[in-house]
Amino acid sequence: MTPSPIVFLVDVDNTLLDNDRIQNDLKRHLEREFGAACRDRYWQILEQLFTELGYRDYLGALQRYRVAHPQDIHLLSMSSYLVDYPFANRLYPGSLDVLERLCSWGRTVILSDGDVVFQPRKIERSGIFEAVEGNVLIYIHKEEALDDIERRYPADLYVLVDDKLRILTTVKKAWGARVTTVFPRQGQYAHDRRIIAAYPPADLTVERIGDLRDYDLSALLMGQHTSPTIQKRI
């Protein structure tokens, strides 16, 4: 396959979608409908799975809760809440506009970690799937799947947009000058001082994903660390 001149790889949780707010909504719903003890137990299982899997498996945690508490059948209604959650309401401002802009410059691919049921549902119901014309990759550990990403979407140059400096650093080490890393400072990990101190800065840091609307392609690839007031648009 002939490589594309440029491919944009864009994360989902806390990059395009405010996943912290989704988690807070889930906690409130659990407490309101089932009580604080049930909420805390479910969240404990969810964090255990996160340690085991490397991503938060919301439906898997629900299944594990069911195995541990077979008589607590009322919690099964949580599956409907999760599947029918209005994810589009939790898009960061400008997220879909940014995707549209990136698509005008080159192939744009969603690159996410997650399970095989809930994560695709989240991407579809939020409008992200349609915005990138179905170009979606979901891995268990995406930073370990770089060979597969290159095989599926070969490119001369990549732009990776992700809220986790750990992942940006790992990909930068692997691809070097072939990738421009973009760090939107959104969500719990993006403001953790220990994490920020542990990794080098990305090529470009923006405070909000919507800020990328103010960049033209050349400014983005140059990795300017301060947002221009207005850049010439392509």
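Model, not experiment: these values are computed from the prediction.

Thresholds, definitions, all that
- Residues numbered from 1 in each chain as written.
- Predicted model: local features only at pLDDT ≥ 70, side-chain atom pairs only at ≥ 80, totals over all residues.
- Heavy atoms only, no water.
- Helix = DSSP H or I, 4+ residues; strand = E, 2+ residues; numbered from the N terminus.
- Buried < 20%, exposed > 50% of the residue type's maximum accessible area, 1.4 Å probe, protein only.
- Contact = heavy atoms within 4.5 Å.
- Areas by Shrake-Rupley, 256 points an atom, 1.4 Å probe, with all protein chains shown as cover.
- Lys, Arg positive; Asp, Glu negative; His and termini not counted.
- Charge placed at Lys NZ, Arg CZ, Asp CG, Glu CD.
- Salt bridge = Lys/Arg side-chain N within 4 Å of Asp/Glu carboxyl O.
- Phe/Tyr/Trp six-rings, centres within 6.5 Å; stacked < 30°, edge-to-face > 60°.
- pLDDT = per-residue confidence, 0-100.
- Arc of directions from axis to C-beta.
- Core = buried A, V, L, I, M, F, W, Y, C linked by side-chain atoms within 4.5 Å.

Let's shift gears to the overall build of the protein. Secondary structure assignment for the protein yields twelve helices and six strands. By principal-axis analysis of the C-alpha atoms, the protein measures approximately 60 × 40 × 35 Å. Within the span of the protein, comprising 234 residues, buried residues form 50% of the whole. Once local pairs closer than 6 in sequence are excluded, the contacts in the protein between residues at least 24 apart make up 61%. Total accessible area on the protein stands at roughly 11500 Å², and carbon and sulfur atoms take up 51% of it. Charged side chains of the protein number 30 positive and 34 negative; the gap between the two group centres comes to 2 Å.

Applying the stated criterion across every chain yields a total of 21 salt bridges. Residue Lys-142 pairs with Asp-11 through a salt bridge whose shortest N-O separation is 2.8 Å. Placement of Lys-142 in the loop between β3 (136-139) and α8 (146-152) and of Asp-11 in the loop between β1 (4-10) and α1 (19-34) is noted, with a sequence separation of 131 residues between them. Neither Lys-142 nor Asp-11 differs from the other in exposure class; each is buried. We note a salt bridge from Arg-28 to Asp-25, for which the minimum N-O separation is 2.3 Å. One end of the pair, Arg-28, and the other, Asp-25, are both in helix α1, three residues apart, so they sit about a helical turn from each other.

Right, let's get into the packing of aromatic side chains. One pass over the structure, following the stated rule, counts seven aromatic pairs. With a centroid separation of 5.6 Å and an interplanar angle of 70°, the aromatic rings of Phe-87 and Phe-118 are classed as edge-to-face. Separated by 31 residues along the polypeptide, Phe-87 in the loop between α4 (78-83) and α5 (95-105) and Phe-118 in helix α6 (residues 118-125) bring together distant segments of the chain. Judged by relative accessible area, which is 0%, Phe-87 ranks as buried. When its relative accessible area of 2% is taken as the criterion, Phe-118 is described as buried.

As a further point, take the confidence of the model for the protein. Put simply, the protein has an average pLDDT of 90, and 95% of its residues get 70 or more. In this model residues 225-234 is a low-confidence stretch, pLDDT under 50, and it forms 26 contacts with partners more than four residues away in sequence or in other chains.

Along α5, the residues that are buried comprise Ser-95, Val-98, Leu-99, Arg-101, Leu-102 and Trp-105. All buried residues of α5 lie within an arc of 160° about the axis, which places them on one face of the element. Pointing more than 90 degrees away from the buried face of α5 are the exposed residues Glu-100 and Ser-104. Looking at the buried residues of α5, the elements they touch are β1, β2 (107-113), α7 (128-131) and α12 (217-222).

A word on the nonpolar core. Phe-8, Ile-110, Ile-128, Leu-212 and Leu-220 are the most contacted members of the largest nonpolar core, which has 28 residues in total. Contributions of two or more residues to this core are made by β1, α5, β4 (155-161), β6 (204-206) and α12. Among the elements that take part in this core, α5 stands out by supplying four residues, more than any other. With residues near it in sequence (within four places) discarded, Phe-8 still touches Leu-102, Trp-105, Gly-106, Arg-107, Thr-108, Val-109, Val-159, Leu-217 and Leu-220. Membership of the second largest hydrophobic core comes to 22 residues, among which are Ala-145, Leu-168, Val-171 and Ala-202.

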